[in-house]
Amino acid sequence: MIELDEIDRALLRALARDATQSASALGRRLGLSQPATWRRIRRLEEGGAISGRRLRLNAEALGFGVTVFLGIKLATRGRVSLEDFERAVSAIPEVQTVEHVLGLFDYRLRVVARDLPDFERVLRRRIMTLPGAGEVEANVLLSEERLPGPL
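Now for a look at the structure at hand. (Residues numbered from 1 in each chain as written. Predicted model: local features only at pLDDT ≥ 70, side-chain atom pairs only at ≥ 80, totals over all residues. Heavy atoms only, no water.)

**Examining the overall build of the chain**
Quick reminder of the rule: Put simply, DSSP marks the helices as runs of H or I at least four residues long and the strands as runs of E at least two long, and each gets a number from the N terminus on. Each radius of gyration reported is based on C-alpha atoms, and the globular scaling rule is 2.2 Å times the count of residues to the power 0.38. Only protein chains enter the accessibility calculation, which uses a 1.4 Å probe; a residue is then buried when its area is under 20% of its type maximum, exposed when over 50%, and partly exposed in between.
Along the backbone of the chain there are five helices and four strands. N-terminal to C-terminal, the α/β element order of the chain is α-α-α-β-α-β-β-α-β. Its C-alpha radius of gyration of 20 Å places the chain more than 25% over the 15 Å reference for a compact globule of 151 residues. Principal-axis analysis of the C-alpha atoms places the extent of the chain at approximately 55 × 35 × 25 Å. Of all 151 residues assigned to the chain, the portion counted as buried reaches 31%.

**Let's talk about the packing of aromatic side chains**
Just so we agree on the cut-off: Only the six-membered ring of Trp is used, alongside the rings of Phe and Tyr, when aromatic pairs are assigned; centres must lie within 6.5 Å, and planes under 30 degrees apart are stacked while those over 60 apart are edge-to-face, with the rest tilted. Over a ring means this: the NZ of a Lys or the CZ of an Arg is within 6 Å of the ring centre and within 35 degrees of the ring normal.
Within this structure, the stated rule accounts for one aromatic pair. With 4.7 Å between their ring centres and 40° between their planes, Phe85 and Tyr107 make a pair best called tilted. Here Phe85, found in helix 4 (residues 82-90), pairs with Tyr107, found in strand 3 (residues 107-113); they are 22 residues apart in sequence, far enough to count as distant. Across this residue pair, the class does not change: Phe85 and Tyr107 are buried. Residue placement shows Arg114 over the ring face of Phe64; its charged tip is 4.4 Å from the ring centre.

**Description of the side chain of Thr67**
Put simply, the rule is: Contact between two residues is taken to exist if any of their heavy atoms lie within 4.5 Å; hydrogens are not considered.
By the secondary structure assignment, Thr67 is in strand 1 (residues 66-74). A relative accessible area of 10% means that Thr67 is categorised as buried. Other than its neighbours up to four places away in sequence, Thr67 contacts Arg110, Val111, Val112, Asn139, Val140 and Leu141.

**With respect to the nonpolar core**
As a reminder, the rule being used: Among buried residues, those of type Ala, Val, Leu, Ile, Met, Phe, Trp, Tyr and Cys that are joined through side-chain atoms within 4.5 Å constitute a nonpolar core.
Ranked by internal contacts, the top residues of the largest apolar core, which has 19 residues, are Leu70, Val111 and Ile127. Among the elements of the structure, strand 1, helix 4, strand 3 and helix 5 (116-127) are those that each provide at least two residues to this core. Once residues within four sequence positions are removed from consideration, Ile127 is found in contact with Leu70, Ile72, Ile92, Val111, Val122 and Ala133.

**Considering helix 5**
So the rule is basically this: Regarding the arc, it is the one traced by the directions from the helix axis to the C-beta atoms. A 3.5 Å cut-off defines polar contacts: any pair of N or O atoms within that distance qualifies, except that in protein one atom must be a possible hydrogen donor and the other a possible acceptor, and neighbouring residues in sequence count only when both atoms are side-chain atoms.
Those residues of helix 5 that sit buried are Asp118, Phe119, Val122, Leu123 and Ile127. An end-on view of helix 5 places all buried positions within 140° of arc, on one side of the element. The exposed residues of helix 5 that point more than 90 degrees off its buried face are Pro117, Arg124 and Arg125. Taken together, the buried residues of helix 5 touch strand 1, strand 3 and strand 4 (133-140). By the N-cap criterion, in which a side-chain oxygen at the helix start approaches the backbone nitrogen of a residue two or three places on, helix 5 is capped by Asp115, the distance to Asp118 being 2.8 Å.

**Considering the pairing of strand 3**
Selection rule: Two strands qualify as a pair provided that DSSP identifies no fewer than 2 bridges between them.
Counting buried positions over the seven residues of strand 3 gives six, a clear majority of the element. Where strand 2 (residues 95-100) and strand 3 come together, five bridges link them in antiparallel fashion. Bridged to Thr97 within strand 3 is Arg110. Between strand 2 and strand 3, which follow one another and run antiparallel, lie six residues, and Gly103 among them has a positive phi close to 145°.

**Remarks on the sheet that holds strand 2**
Formally: Note on method: axes are straight lines fitted to C-alpha atoms, helices fitted across the in-contact stretch only, with angles between N-to-C directions ranging 0 to 180 degrees.
The strand order across the open sheet built from four strands is 2-3-1-4, with neighbouring strands paired in antiparallel fashion. Each having just a single partner strand, strand 2 and strand 4 make up the two edges of the open sheet. For this sheet, the mean angle separating the axes of adjacent strands, direction not counted, is 20°. Helix 4 contacts strand 1, strand 2 and strand 3 of the sheet and is inclined by roughly 165° relative to strand 2. Across the face of the sheet, helix 5 comes into contact with strand 1, strand 3 and strand 4 while running at roughly 25° to strand 1.

What follows is the structure, given as structure tokens:
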């Protein structure tokens, strides 16, 4: 675990809100020079606190108005490897995240679709035909609020 001071935490919070900010702009907000800010960002990256900067696409603006969380229980444990299932499900473009979880289901997927009929098509033709796919539970996302996390 990397040691964080209050400036590191403020820097992480600022980057979590908007990772496109320049080091000089971040430094001005935090009372640091641009080189000092870059050194802190590099140390946080090297220490594993920052694992990358990602572009977040607006699925709805791109025509994908439905997001569904699927819980999937594998039907035949041992007959289909987890790697085979994960490889197959990761090849479906509508599947945004694949999480191997502990609990009622074996996997949790975040799936986007243009509308409910499009989601039904993805479910029937792609997801339900996956190797080992068994019981499925769907939860349609109504709204979402992203929280900054425990910093």
